[in-house]
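# Chain and residue survey
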Amino acid sequence: RPIVFSGMQPSSASLHLGNYLGALVNWVALQETTDPVYCVVDLHAITSQQDPEALRADTRALAAQYLAAGVDPERSTLFVQSHVPAHTELAWVLGTMTGFGEASRMTQFKDKSQRFGTEGTTVGLFTYPVLMAADILLYSTELVPVGDDQRQHIELTRDLAARFNSRYGETFVMPEGFIPEASARIYDLQDPTSKMSKSAASDAGLIRLLDDPKITAKKIKSAVTDTEREIRYDVAAKPGISNLLDIFAGVSERTIPEIEAEYAGRGYGDLKKDLAEAVVERLTPFRERFTELLADPAELDRILAHGAEKAAERADRMLGTVYDRVGFLRPT
Ligand code: ATP
Ligand code: MG
């Protein structure tokens, strides 16, 4: 079975529809055919400032959201990144092989550093993609299911793997991004040219999975559209409507042409109302399951401890090989 790795940051209490449609739905499906490793990437999360108590709570809550969406700890290796020190250790080695200019070209860094300002932009934010490369390469990952925003980071990971292999001999497996066509990128409902993001400045355009259904419906109904009347998929001319159509296709498992045909000659109000219903219907069982899981934190912690043990065994083996290849004297 091909090995899969992916992770999300506990950078907020709730995931959003972009995380769900762009990544999580795929994670669950991949359990049927692959050997998946799914991580709560808390080390990544501190590249934006976190409150310690909130981070701890959000880490558990994120694990519970994975489980609520259908990640099965028997079929997947589910763990918290900071529980497996090999991630930071390999990141150091890879950092010494990453060009400063190469890292400077990452658009996520450019976007976030603009948002965080000079004070908030840290070296950790800059080296984020190197840590992500370590996450992926430690497990000999073949497939990385992520949203479209991570395409460039996967490319960097591949470059680093190739560089290490050519310098020190065949060590890492060359990973590939597994990026869904539709709903690979969900945009902010208030600003349909920037991606929906947990760390967005404003909440109004963000559909959080754990929001109250009334709030979800309200946000969808006030989504920014355009002054035309026609419901038509055209990202350049109609980013708002196109985004709503992507979301509709994602939650209802219908295609965009099918939805376009159904709404031919009808107004934006109809589309928004039905979309709000479809989203709420899809998320209600998820929210119920989440609440059950969160009610038993000891059981959650037990699942995560078991996952960390499985992950560390694999990660430590790879890190040992890397340290040998690099020429570190190993302790006896
Ligand atoms: P942050 O703002 O803290 O970076 P985020 O919303 O970008 O949060 P991440 O934890 O960085 O979420 O990413 C988790 C997964 O969700 C990744 O696979 C990423 O590609 C995917 N993802 C994030 N935002 C979107 C989006 N708007 N559309 C589709 N996929 C997304
Ligand atoms: Mg992100």
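In the block above lies the structure referred to throughout.
A few points on the structure. (Residues numbered from 1 in each chain as written. Chains lettered and ligands numbered in written order. Predicted model: local features only at pLDDT ≥ 70, side-chain atom pairs only at ≥ 80, totals over all residues. Heavy atoms only, no water.)

A separate point is the overall build of the chain. Secondary structure assignment for the chain yields 13 helices and five strands. Computed over its C-alpha atoms, the radius of gyration of the chain comes to 21 Å, within 12% of the 20 Å expected for a compact globule of 332 residues. Considering only C-alpha atoms, the chain reaches an extent of 75 × 45 × 40 Å along its principal axes. Expressed as a percentage of its 332 residues, the buried residues of the chain come to 50%. Here the chain displays about 15300 Å² of accessible surface, and carbon together with sulfur accounts for 53% of that area. A distance of 2 Å separates the average location of the 36 positive side-chain charges in the chain from that of its 48 negative side-chain charges. (Helix = DSSP H or I, 4+ residues; strand = E, 2+ residues; numbered from the N terminus. Rg over C-alpha atoms; globule rule 2.2 N^0.38 Å. Buried < 20%, exposed > 50% of the residue type's maximum accessible area, 1.4 Å probe, protein only. Areas by Shrake-Rupley, 256 points an atom, 1.4 Å probe, with all protein chains shown as cover. Lys, Arg positive; Asp, Glu negative; His and termini not counted. Charge placed at Lys NZ, Arg CZ, Asp CG, Glu CD.)

This brings us to the pairing of strand β3 (residues 77–80). Here β3 shows two buried faces, one formed by Thr 77 and Phe 79 and the other by Leu 78 and Val 80. Bridge analysis of strand β2 (residues 35–40) against β3 gives four bridges, and the strand direction is parallel. Bridged to Val 37 within β3 is Thr 77. (Pairing = 2+ DSSP bridges.)

Before going further, it helps to examine the pattern of salt bridges. Tallied over the entire structure, the rule returns 25 salt bridges. Between Glu 228 and Lys 238 there is a salt bridge, and its shortest N-O distance comes to 2.9 Å. With Glu 228 in the loop between α9 (213–221) and α10 (239–252) and Lys 238 in the loop between α9 and α10, this pair connects stretches of sequence that are ten residues apart. The exposure class assigned to Lys 238 is buried, which follows from its relative accessible area of 0%. As a salt-bridge pair, Arg 266 and Asp 270 come within 3.2 Å of each other at their nearest N and O atoms. Arg 266 gets classed as partly exposed once you look at its relative accessible area, which sits at 30%. You can call Asp 270 partly exposed: its relative accessible area is 35%. (Salt bridge = Lys/Arg side-chain N within 4 Å of Asp/Glu carboxyl O.)

For the rest of this paragraph, the subject is the site of ligand 1. Neighbouring ligand 1 are 22 residues, the closest being Lys 112, Asp 149, Ser 197, Lys 198 and Ser 199. The separation between a nitrogen atom of ligand 1 and a polar main-chain atom of Ile 186 is 2.6 Å. Interatomic distance of 2.9 Å between a backbone N/O atom of Met 196 and a nitrogen atom of ligand 1. With the chains in place, 98% of the 590 Å² that ligand 1 exposes on its own is no longer accessible. Among the secondary structure elements, those contributing two or more residues to the shell around ligand 1 are β1 (3–8) and α1 (17–30). For the shell around ligand 1, the element with the most residues is α1, which contributes four residues. Its residues assigned to classes, the shell around ligand 1 comprises six nonpolar, eleven polar and five charged. (Near = heavy atom within 4 Å. Polar contact = N/O pair within 3.5 Å; in protein donor to acceptor, adjacent residues only side chain to side chain. Nonpolar A, V, L, I, M, F, W, Y, C, P; charged D, E, K, R; others polar.)

Turning next to the packing of helix α3 (residues 52–69) against helix α13 (residues 297–326). Close contact between α3 and α13 brings their axes to 10 Å; oriented N to C, the two are set at 80 degrees. Viewed along their axes, α3 and α13 adopt a mutual orientation that is roughly perpendicular. In this structure, α3 uses Arg 60, Ala 63, Ala 64 and Leu 67 to contact α13, whose residues at the interface are Pro 297, Leu 300, Asp 301, Ile 303 and Leu 304. In terms of residue class, the contact of α3 with α13 is made up of seven nonpolar, no polar and two charged. (Axes fitted to C-alpha atoms, helices over the stretch in contact; angles between N-to-C directions. Parallel < 35°, antiparallel > 145°, perpendicular 65-115°, else oblique. Contact = heavy atoms within 4.5 Å.)

Take α10 next. Owing to its 3.6 residues per turn, the α-helix brings residues three or four apart onto one side. Taking 1.5 Å per residue as the helical rise, α10 with its 14 residues ought to reach 20 Å, and the 20 Å between its terminal C-alpha atoms agrees with that figure. For α10, a buried count of twelve out of 14 residues is recorded, marking the element as mostly surrounded by other parts of the structure. Of the residues making up α10, those classed as buried are Gly 240, Ile 241, Ser 242, Asn 243, Leu 244, Leu 245, Asp 246, Ile 247, Phe 248, Ala 249, Gly 250 and Val 251. On its buried face, α10 sits against α1, α11 (256–262) and α12 (268–294). Looking at the residues trailing α10, positive phi occurs at Glu 253, about 55 degrees. (Expected span 1.5 Å × (residues − 1).)

Turning next to unusual backbone geometry. Of note, Ser 140 is a non-glycine position whose phi angle comes to about 55 degrees, a positive value. Here Ser 140 lies in the loop between α7 (123–137) and β4 (143–145). Phi at Glu 253 is positive, roughly 55 degrees, even though this residue is not glycine. Mapped onto the elements of the fold, Glu 253 is located in the loop between α10 and α11. Given the relative accessible area of 63%, Glu 253 is considered exposed.

Right, let's get into the environment of Ala 223. By the element assignment, Ala 223 lies in the loop between α9 and α10. In this structure Ala 223 comes out as buried when scored by relative accessible area, which is 6%. In this view, Ala 223 contacts Leu 189, Gln 190, Leu 244 and Lys 272; residues no more than four positions away in its chain are not counted.

Judged by how many residues are buried, β2 sits mostly within the fold: five of six residues are covered. Bridging between β1 and β2 involves six bridges; their strand directions are parallel. Counterpart to Met 8 in the pairing with β2 is Val 40. Following the chain from β1 across α1 to the adjacent parallel β2, one finds a crossover that is right-handed. (Right-handed = clockwise from strand over helix to strand, strands pointing away.)

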